[in-house]
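Listed below are the residues making up each chain.
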Amino acid sequence: MRLSAAIGTYPHTAALLDGTVTDPEVALDCAPFPNISRAFAPMVREGRFEVSEMAIATWLQAWAHGKPILLLPRVLAARLQEGSLFCRADSGIRGPEDLAGKRVGVRAYSQTTGLWLRGILQDAHGVEPESVHWVTFEDPHVAECQDPPFATRASAGSDMVKMLEAGELDAIISGADAPTGDWLRPVFPDAAAAGAEFIRRHGFTPINHLLVIRADRAAHAAAVLRLMDAAGEAPQRGRVAMMPAIAFAACHAVRQGLIPRAPTPEEIWAGLPPDIA
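Before going into details, it helps to say that this report is about the structure given with it.

How each quantity is defined
Residues numbered from 1 in each chain as written. Predicted model: local features only at pLDDT ≥ 70, side-chain atom pairs only at ≥ 80, totals over all residues. Heavy atoms only, no water. Helix = DSSP H or I, 4+ residues; strand = E, 2+ residues; numbered from the N terminus. Rg over C-alpha atoms; globule rule 2.2 N^0.38 Å. Contact = heavy atoms within 4.5 Å. Areas by Shrake-Rupley, 256 points an atom, 1.4 Å probe, with all protein chains shown as cover. Lys, Arg positive; Asp, Glu negative; His and termini not counted. Charge placed at Lys NZ, Arg CZ, Asp CG, Glu CD. Salt bridge = Lys/Arg side-chain N within 4 Å of Asp/Glu carboxyl O. Buried < 20%, exposed > 50% of the residue type's maximum accessible area, 1.4 Å probe, protein only. Pairing = 2+ DSSP bridges. Axes fitted to C-alpha atoms, helices over the stretch in contact; angles between N-to-C directions. Phe/Tyr/Trp six-rings, centres within 6.5 Å; stacked < 30°, edge-to-face > 60°. Lys NZ or Arg CZ within 6 Å of the ring centre and 35° of its normal. Core = buried A, V, L, I, M, F, W, Y, C linked by side-chain atoms within 4.5 Å. 1 Å grid on protein atoms, 1.4 Å probe; cavity = no way out; pocket = protein on both sides within 12 Å on 5 of 7 lines; lining within 4 Å. Points joined across faces, edges and corners; volume = space filled by probe spheres on them. Nonpolar A, V, L, I, M, F, W, Y, C, P; charged D, E, K, R; others polar.

### Here's the deal with the overall build of the protein
Thinking step 1. Per the secondary structure count, the protein includes 9 helices and 11 strands.
Thinking step 2. In summary, the protein has a C-alpha radius of gyration of 19 Å against a globular reference of 19 Å for 277 residues, a match within 12%.
Thinking step 3. Each principal axis of the C-alpha distribution contributes one length, and for the protein these read about 60 × 40 × 35 Å.
Thinking step 4. Contacts in the protein between residues at least 24 apart in sequence constitute 80% of all its contacts with a sequence separation of at least 6.
Thinking step 5. Accessible surface, the protein as shown: approximately 11700 Å² in total, 54% of it carbon and sulfur.
Thinking step 6. Each charge class in the protein can be summarised by its mean position, and for the 25 positive and 32 negative side chains these summaries are 2 Å apart.

Rendered as structure tokens:
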């Protein structure tokens, strides 16, 4: 069985993408996506792929709207988030507590880095999501979802980094493509220390991207995971290991207005063969 797939290039997926590892049951035909996040909308809106990488925020919204997409117990990308929040070097912002009442740009309100950072701001720094004026630039990947009333859309063609540089935004949240330049700095004075404190408090590294399979291909889930495991060691793997991060993300997705309620553990893994742990 050949399954269409969209998976990003990482050290632990390279052998899968170049065909070095194989499985007698399935093969993955991986579509080229230099920016893998561009695969998420066609996956949830059209079911374009049979296997796909997917941001955790996108999957939570897809689950909430009944998309026939099953979560597999493998993480493709995980990282600390504090270094993704930037302000101008000459800003009066001295730390995350100063963001209340400020204009913060984010690619999409549903972007996973934004989900994690809003949760960190709320839990550790007392900054409620609705106390910030969020400025967005794209729609959610899940078409049925809408931004909350405290988020507004920038005018068409706007550039988030240029808006920060011009003083039209007070801070921005980047993704993997963090901006550079002497004119900006992280909002967290010591982002590495803040990330280490998050791990100390919670015991996990935040999940960015997961692996999913279309529900009509659930019978091949175990074979897909064999391929993934043969290619390399995932940042996180297994239902038990992943649950704390998923639970944190789901709880904050509710608090931030991304989904109406959090899925139960049974709902998170619903549809998977029981022998997949």
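That was the structure; now back to the text.
### Some remarks on the pattern of salt bridges
Thinking step 1. Applying the stated rule across the entire model yields 19 salt bridges.
Thinking step 2. Put simply, glutamate 46 and arginine 48 hold a salt bridge, and the shortest N to O gap is 3.0 Å.
Thinking step 3. Given a relative accessible area of 52%, glutamate 46 falls into the exposed group.
Thinking step 4. Take arginine 48: its relative accessible area is 44%, and that puts it in the partly exposed class.
Thinking step 5. Measuring nitrogen to oxygen at the nearest pair gives 2.7 Å for the salt bridge that ties arginine 74 to aspartate 229. Taken together, the positions of arginine 74 in strand β4 (residues 69-78) and aspartate 229 in helix α7 (residues 221-231) put the pair 155 residues apart, joining distant regions of the chain.
Thinking step 6. Looking at aspartate 229, the relative accessible area reads 27%, which means it is partly exposed.
Thinking step 7. Each member of the salt-bridge network shares a partner with another, and the members are Glu50, Arg214, Asp216 and Arg217.

### Some words on the sheet that holds strand β11 (residues 207-214)
Thinking step 1. The sheet built from 5 strands is open, its strands ordered β2-β1-β3-β11-β4 with mixed pairing. A single partner strand is all that each edge strand has here, and the edge strands are β2 (27-30) and β4. Pairwise comparison of adjacent strand axes, ignoring direction, gives a mean angle of 30° for this sheet.
Thinking step 2. Both strand β1 (residues 2-6) and β2 contribute to a ladder of 4 bridges, which runs parallel. Residue pairing in the sheet places leucine 3 in a bridge with leucine 28 of β2.
Thinking step 3. Lying over the sheet, α7 contacts β1, β2, β3 (51-55), β4 and β11, oriented at roughly 10° with respect to β4.
Thinking step 4. Across the sheet, helix α8 (residues 239-255) touches β4 and β11, and the angle it forms with β4 is around 80°.

### What about the packing of aromatic side chains?
For any two aromatic rings, the description comes down to two numbers: the centre-to-centre distance and the angle of the planes.
Thinking step 1. This model, assessed by the stated rule, comprises 9 aromatic pairs.
Thinking step 2. For the pair tyrosine 109 and phenylalanine 150, a centre-to-centre distance of 6.0 Å together with 75° between the ring planes defines the contact as edge-to-face. Residue tyrosine 109 is found in the loop between β6 (103-106) and α4 (112-125), and its partner phenylalanine 150 is found in the loop between β7 (133-136) and β8 (151-153); the two are separated by 41 residues along the sequence.
Thinking step 3. An aromatic cluster is defined as three or more aromatic residues linked by ring pairs; in this entry it consists of Trp116, Phe198, Phe204 and Phe248.
Thinking step 4. One residue, arginine 118, lies across the ring of tyrosine 109, its end atom 3.8 Å from the ring centre.
Thinking step 5. Above the ring of tryptophan 134, the side-chain terminus of arginine 118 is found at 5.2 Å from the ring centroid.

### Section: the nonpolar core
Thinking step 1. Ranked by internal contacts, the top residues of the largest apolar core, which has 85 residues, are Ile7, Leu28, Val51, Trp59, Leu211 and Val224.
Thinking step 2. Examining the composition of this core, we find that 8 residues originate from one element, α8, more than from any other.

### Re the sheet that holds β7
Thinking step 1. Taken in spatial order, the 6 strands of this open sheet run β8-β7-β6-β9-β5-β10, and their pairing is mixed. In this open sheet, the two strands that pair with only one neighbour each are β8 and β10 (184-186). Taking the axes of each pair of neighbouring strands and ignoring which way they run, one obtains an average angle of 30° across the sheet.

### Let's talk about the layout of surface pockets
Thinking step 1. Taken as a whole, the largest pocket encloses approximately 860 Å³ of empty space.
Thinking step 2. Elements represented by at least two residues in the lining of the largest pocket include exactly β4, α4, α5 (160-165), β9 (171-173) and β11.
Thinking step 3. Residues of the lining of the largest pocket, tallied by class, amount to 20 nonpolar, 15 polar and 6 charged.

### Considerations on the side chain of glutamate 82
Thinking step 1. Considering the arrangement of structural elements, one finds glutamate 82 in the loop between β4 and β5 (85-88).
Thinking step 2. Among all residues touching glutamate 82, those that are not within four sequence positions of it are Leu117, Ile120, Phe188, Ala191, Ala194, Gly195 and Phe198.

### Some points on the pairing of β5
Thinking step 1. Where β5 meets β9, 2 bridges bridge the pair, whose relative direction is antiparallel. Paired with phenylalanine 86 across the two strands is isoleucine 172, which belongs to β9.
Thinking step 2. Of the strand pairs in this sheet, β5 and β10 are connected by 3 bridges, and their pairing is antiparallel. Directly across from cysteine 87, in β10, lies its bridge partner arginine 185.

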